[in-house]
Amino acid sequence: VQRRLMDNALGQPQVLTHRDFMPRNLMPTQPDLAVLDFQDCVRGPIAYDAISLFKDAFLSWPLARVDGWLASYHQRATQAGLPVPTLQRFQRDADWMGVQRHLKILGIFARLHYRDGKSKYLRDVARFIRYLDEVLPRYEELQPLIRLLDQVIKPALRSRASA
């Protein structure tokens, strides 16, 4: 699964990516938005920033709404001449990029807790597990992650919560 996620990210058209594109880094101005915290911009997968915005670390929206926003983004990106693939492929790319990103964030939260003693991030773990639970069933190729979550990660989280 790791190889599939990596190959998917590397196989997407590469564009300028913010890498921390989320509502907290957008400031309303007239007539547009100002983008904050962009010092880590690099070339990266075209689906990265869209999924970062719509699958935020601190805000959650229903999956159907996120899928609609991705379709709208895809349409506007196509009209703007960005190198987006077909909508079906873009949706899969965004889903898989989200899975990779959510796993990365869960790992960061674990490191912050265990190594750095910063446990406050653990309260957000459930949001990322829900993100994974929503998307993984869509893809047969990612089924081993469902088993890992159900057999290892979720039981460990439950035992930690009851301790």
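Computed from a prediction, not measured in an experiment: that's the story for all the values here.

Novice: Explain the packing of aromatic side chains to me, please; I cannot follow it from the model alone.
Specialist: Two numbers describe a pair of aromatic rings. These are the distance of the centres and the angle of the planes. Counting across every chain of the model gives seven aromatic pairs. Ring geometry for F109 versus Y121: centroids 5.6 Å apart, planes at 25°, classification stacked. You can see F109 sitting in helix α4 (residues 87–114) and its partner Y121 sitting in the loop between α4 and α5 (125–135), a full twelve residues away along the chain. Judged by centre distance (5.7 Å) and plane angle (75°), the ring pair of F109 and F128 falls under edge-to-face. Residue F109 is located in helix α4, and its partner F128 is located in helix α5; the two are separated by 19 residues in the primary sequence. The same class applies to F109 as to F128, namely buried. The rings of F109, Y121, F128 and Y131 are connected pair by pair, giving a single aromatic cluster. Against the face of W96 rests R92, its NZ or CZ located 4.5 Å from the ring centre.

Novice: Looking at this structure, how should I read helix α6 (residues 143–162)?
Specialist: For an α-helix, the turn length of 3.6 residues means that residues three or four places apart are oriented alike. Taking 1.5 Å of rise per residue, the 20 residues of α6 would be expected to cover 28 Å, and the 28 Å separating its terminal C-alpha atoms lies within 8% of that figure. Along α6, the helix axis deviates most sharply at L149, where the bend reaches about 40°. Residues of α6 that are buried: Q143, L145, L149 and K154.

Novice: Honestly, the side chain of D124 in this entry has me stumped. Any pointers?
Specialist: Within the secondary structure layout, D124 lies in the loop between α4 and α5. With residues up to four places along the chain from it excluded, the contact list for D124 reads A57, F58 and F109.

Definitions and cut-offs
Just so you know, the residues in each chain are numbered from 1, in the order the chain's sequence is written. Only residues with pLDDT of 70 or above have their local features reported here, since the model is predicted, and side-chain atom pairs are shown and tallied only from 80 upward, although totals for entire chains, interfaces and linings are computed over all residues. To get the side-chain values, all heavy atoms of the structure are used, and hydrogens and water are removed first. In this analysis, rings of Phe, Tyr and Trp, with Trp reduced to its six-membered ring, are considered paired at centre separations within 6.5 Å, and the interplanar angle assigns stacked below 30 degrees, edge-to-face beyond 60, and tilted for intermediate values. Each helix is a run of DSSP H or I of at least 4 residues and each strand a run of E of at least 2, with the numbering of both proceeding from the N terminus. Note on classification: 1.4 Å probe, protein chains only; a residue is buried when its accessible area is under 20% of the maximum for its type, exposed when over 50%, partly exposed between these limits. Working rule: Lys NZ or Arg CZ, within 6 Å of ring centre, within 35 degrees of ring normal, means a charge sits over the ring. Given a helix with a known number of residues, its expected span is that number minus one, times 1.5 Å. Note on bend: the value at a residue is the angle between axes fitted to the seven residues ending there and to the seven starting there. Should any heavy atoms of two residues lie within 4.5 Å, those residues are considered in contact.

By themselves, these figures tell us nothing about what the structure is for.
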